[in-house]
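# Structural description and commentary
In case you want the letters, here they are:
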Amino acid sequence: MPEIELRNISKRFGKVVAADQINLHIKEGEYVTVLGPSGCGKTTLVKILSGIWEPTKGDCFIDGKKVTGIPTYERDLGYIFQNIALFPHMTVWQNANYAPIVKDWDHEKGEKVTRESLELVNMLRRKGFKPFELSGGEKQKVGIARALCSGSKLLILDEPLSALDARVRLELRYEIKRLVKERGLTAIHVTHDQEEAMSTSDRIVLMRKGRIVEVDTPQNLYNKPKNLFTANFIGEANFIEGSITECGTGEVAECRTGPLSECGADECIAEIRHKHRLVLKNPGGIFKMGDGVVIMARPENLSISVNEKENAIKGRIIDKIFMGSYMRYRVKLATQDTVQVEVPEADDKIFNIDESVNVIFRPKKLLVYPRPRQGLKEVLSLE
Amino acid sequence: MPEIIIRNLKKVFGDLVAIDSLDLTVKDGEYLTILGPTGAGKTTLLRLIAGLEKQTSGSIHIDGKCVDELPPEDRMVTFLSQTYSLFPHMNAWQNTIFGPIARGWDSEKVDIIGREMLEMVHLYDRKDALPHELSGGMQQRNALARALCADARILLLDEPLRALDARLRLDLRHELKKLVKDMGMTAIHVTHDQEEALTISDRIIMLRDGKIIQSGTPQEMFNKPASPFIHHFIGEANFMEGTLTGKTGTGSRLTGESGRTYDIAATNLEVGAKAVAGIKTEFTIMEKEAKDGVNDFPGTVERKLFLGRFTDFEIALDNGHVVHARLPSSIAHKFDEGDKINVHFDPERLLVFPVPEKGLKAELEMM
């Protein structure tokens, strides 16, 4: 069973560093997604792993065996591409059955594997069809079945759903995850779609500019991202800049000297633009008085009230967007920050554009980060 | 001001009826989305309005004038395709002012409008960059600036965000709508992405097999879908099939083949008629405690999928039916795979439809 290790992998194309000292360990049977914006190096990484490209530096190990220099066809992996390259003159069955024939497997075994794989993707009923008779989603299913038929325990999925309609994509991503788990495969899936990554993976490797930003479970990346780029990329987020000005204990003097945690207070106060204040809970020991911070809140973690509330900032509704089971409001705060707030549709109160409201920041739902030196915009940029 | 009136429009390619006797009025300043699965005729409709295809029959009026015989450049429209073809040897500035220059505007006016448009799409500081030096999102914004510079009042957008990264798409949706509204333009936007349609449109028309099967605000399309297909395409729904067996206080009662009964929303269908009832997965309620009331069904959580903001569940009901539910992730931690739970359907949310002509399964087919 395949276990994978990338050790200090770098890849340069002329001046461009496509992958920069990547270290990654993938356990056998794990479903890992490599996620990131265009040009972040995610495809480079799987091309190196599969032997399509050789790294400039570093080594790949599959099952403890160094595979540097070993050609793709000897690495025993199944590869599913974004653009489904089925053989146009072959039927669904012949396409799926290609590897067993080429690898000269015993006839019975080949037939059995092909039948099972096509059944898994629910395409056995179309086995006599040619690719041009199939929809995009169906073609991709055959591509998946063909990769499964290779008998390999390691599956590489390079943007497998990107070329498909939104709706078809939703249905196929569940299928792929189920297949991988049922077959006990190790899967590495490349995508730019954060929702696809969350719904399929055991762990997500988030990349940016050739480097790994963060590796964790979907839940942790969404709920407790360790850095600002992650917070913005995995789901949407509001960011407010400020600085720590007060300690919850009131003993300000003590705090001036060291990390906040040392004074024993579990909350502190940040001053944000125009002298507004927000109470923060457990901001962690890395902050000192006067430190610049960025406060992050997901739209669903803020709420709106017409009445004044604790830890709320006044604002004016500038846009409202119907999202199905919830409403999304854009609110221009008195601090001049614009925030997005999501309110379940079941809540009786509907707010109107231009209405004055209070946006409530529940201290427990706020995450706090050091203010980045290169500026917030640069750190969040998707391009 | 530009209003688009389409009457009895038909387009046939060989045996295929791509657009079938279609009537549509787009109001001045409206942001209209054409939503539908692949092959519904969305792009064909847009190309007919643009004049890039000639209709088989029917008429199109723009601003009170029949444009059937007019070439694309005389229709006051700008067409932006999903593969934004910028001139590769021109920089962002040159690409943007291509239209005004070609029209022979004086250079002062060209400078003003070019700058205004590039600033609006946040690209003015990259005006000297060639397309290959820009990211996909920047190229798309450059193409948009060029389209806006054409000074047309009607913007035809064919899947304008499709080629972009998923995360970038979310940001650009908002910017795109704001630009169109700020400039007082009329926009027709083709997409297959229902969430994009919900968030960006004043009005959505749902196209299938070349016909408009429903038209309405995002709220109307979501809350009052005209057919099971729309109920399942805009959002996602669970369906029950059966026969109407009676009335309740405010609604009706549906009895399935196996004898299970559901209280459902009010309907004009007669008692005794075959019907389909459907409820959005967002409104399908999961409860920890077993219950034995109306529309309560015991079941087991088979699958749990974390999506970030939401978590999706697949639940096998003890009666053999499989249903899906979507909960905000903040409360999803209460339920795990293998848990025995109660599923409840609010009768008001169980919308009723006549049985589709080709049966429910064919009706819901997406591909």
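The rules behind these values
- Residues numbered from 1 in each chain as written.
- Chains lettered and ligands numbered in written order.
- Predicted model: local features only at pLDDT ≥ 70, side-chain atom pairs only at ≥ 80, totals over all residues.
- Helix = DSSP H or I, 4+ residues; strand = E, 2+ residues; numbered from the N terminus.
- Buried ≥ 20, exposed ≤ 12 C-beta atoms within 10 Å, placed from the backbone.
- Contact = placed C-beta atoms within 7 Å.
- Nonpolar A, V, L, I, M, F, W, Y, C, P; charged D, E, K, R; others polar.
- Pairing = 2+ DSSP bridges.
- Axes fitted to C-alpha atoms, helices over the stretch in contact; angles between N-to-C directions.
- Core = buried A, V, L, I, M, F, W, Y, C linked by C-beta atoms within 7 Å.
- Domains from an automatic or database assignment.

### Quick word on the overall build of chain B
Looking only at helices and strands, chain B has eleven helices and 20 strands in total. Its C-alpha atoms give chain B principal-axis dimensions of about 75 × 45 × 35 Å. Considering chain B as a whole, with its 367 residues, one finds that 44% of them fall into the buried category. Considering only contacts within chain B whose residues lie at least 6 apart along the sequence, 64% involve residues at least 24 apart.

### Topic: the interface of chain B and chain A
Facing the 32 residues of chain B at the interface are 32 residues of chain A. Counting residues per element, the ones that place at least two in the side of chain B that touches chain A are helix H5 (136–149), helix H6 (166–182), helix H7 (194–200), helix H8 (218–223) and strand E16 (296–306) of chain B. With four residues, the top contributor of residues to the side of chain B that touches chain A is H6 of chain B. Class assignment for the residues of the side of chain B that touches chain A results in 16 nonpolar, eleven polar and five charged.

### A few points about the sheet that holds strand E12 (residues 267–272) of chain A
Residue and element names in this part refer to chain A. With respect to topology, five strands assemble into an open sheet ordered E13-E12-E11-E14-E20, the strand pairing being antiparallel. Here the strands that pair on one side only, and so sit at the sheet edges, are strand E13 (276–281) and strand E20 (367–370). Averaged over all adjacent pairs, the angle separating strand axes in this sheet is 45°, with direction ignored. Where strand E11 (residues 238–247) meets strand E14 (residues 292–297), six bridges bridge the pair, whose relative direction is antiparallel. If you follow Asn-238 over to E14, its bridge partner there is Ala-297.

### Some remarks on the nonpolar core
One finds Ala-145, Ile-295 and Val-359 of chain A to be the most contacted residues of the largest nonpolar core, which totals 109 residues. Sort the elements by how many residues they give to this core and helix H5 (residues 136–149) of chain A lands first, with six residues. Aside from chain neighbours lying at most four places away, what touches Val-359 of chain A is Leu-302, Ile-304, Ala-312, Ile-313, Gly-315, Val-331, Leu-333, Val-339 and Val-341 of chain A. If you look at the next biggest cluster of nonpolar residues, it comprises 69 residues, including Leu-45, Leu-46, Leu-48 and Ala-150 of chain B.

### Overview of the domain arrangement of chain B
Residues and elements named next belong to chain B. According to the domain assignment, chain B contains domain 1 (4–228) and domain 2 (233–364). Here domain 1 and domain 2 have C-alpha centroids that lie 38 Å from each other. Facing the seven residues of domain 1 at the interface are twelve residues of domain 2. Elements represented by at least two residues in the side of domain 1 that touches domain 2 include exactly H7 and H8. Class assignment of the residues belonging to the side of domain 1 that touches domain 2 gives a composition of five nonpolar, two polar and no charged.

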